[in-house]
Amino acid sequence: MYKRKTPLKNDCAIEKTLNVISGKWKPAILSQLLKTNLRLRDIQKGLPEASKRSLTQQLREMIEDGLIEKKDFHQFPKKTEYSITYLGTQLSSVFQELSKFGDKLE
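Residues numbered from 1 in each chain as written. Predicted model: local features only at pLDDT ≥ 70, side-chain atom pairs only at ≥ 80, totals over all residues. Heavy atoms only, no water.

So, the overall build of the chain
When helices and strands are counted, the chain shows 6 helices and 2 strands. Listed by position from the N terminus, the elements making up the chain come as α-α-α-α-β-β-α-α. Over its C-alpha atoms, taken along the principal directions, the chain stretches across nearly 45 × 35 × 25 Å. Counting every position in the chain, which comprises 106 residues, the buried fraction comes to 29%. Taking as baseline every contact in the chain between residues at least 6 positions apart, the subset at least 24 positions apart corresponds to 46%. Carbon and sulfur atoms provide 54% of the accessible area of the chain, an area that totals close to 7800 Å². Distance between charge centroids for the chain: 6 Å, based on 20 positive and 13 negative side chains. (Helix = DSSP H or I, 4+ residues; strand = E, 2+ residues; numbered from the N terminus. Buried < 20%, exposed > 50% of the residue type's maximum accessible area, 1.4 Å probe, protein only. Contact = heavy atoms within 4.5 Å. Areas by Shrake-Rupley, 256 points an atom, 1.4 Å probe, with all protein chains shown as cover. Lys, Arg positive; Asp, Glu negative; His and termini not counted. Charge placed at Lys NZ, Arg CZ, Asp CG, Glu CD.)

Re the pairing of strand E2 (residues 79-84)
With 5 of 6 residues buried, E2 lies mostly within the body of the structure. Direction of pairing for strand E1 (residues 68-73) relative to E2: antiparallel, over a ladder of 6 bridges. Paired with aspartate 72 across the two strands is threonine 80, which belongs to E2. Turn length for the E1-E2 hairpin, with the two strands adjacent in sequence and antiparallel, is 5 residues. (Pairing = 2+ DSSP bridges.)

Comments concerning the packing of helix H2 (residues 26-33) against helix H4 (residues 52-64)
H4 packs onto H2 with a crossing angle of 70 degrees between their chain directions and a minimal axis gap of 10 Å. Classed by the angle they form, the pair H2 and H4 counts as roughly perpendicular. Crossing handedness for the pair H2 and H4: right-handed. Between H2, through Lys26, Ile29 and Leu30, and H4, the contact on the second element is made entirely by Leu55, Gln58, Leu59, Glu61 and Met62. For the contact of H2 with H4, the per-class residue count stands at 5 nonpolar, 1 polar and 2 charged. (Axes fitted to C-alpha atoms, helices over the stretch in contact; angles between N-to-C directions. Parallel < 35°, antiparallel > 145°, perpendicular 65-115°, else oblique. Left-handed = near helix turned anticlockwise from the far one by under 90°. Nonpolar A, V, L, I, M, F, W, Y, C, P; charged D, E, K, R; others polar.)

Structure below.
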């Protein structure tokens, strides 16, 4: 797992935010989870170029940062679902603004 070489500046809220949402697949995963709860295979369908290992690592990091949660259903076959937390929903407006900005780029 990647570890920062320099410590985060605790007084810079933007840097802290970018740290938790930056990652190869995190923005795409968060965009999907802001719409609905998903299983890993559903996330994989939306991101076919991403490896299962990479997605699992990104999901684990977002769980540790409190943006998403993982729920295991005690049934057979095993079912696990990912959902956005209250903290994660606070990113909705950020993602909307980033999307508006991205639409302006050519």
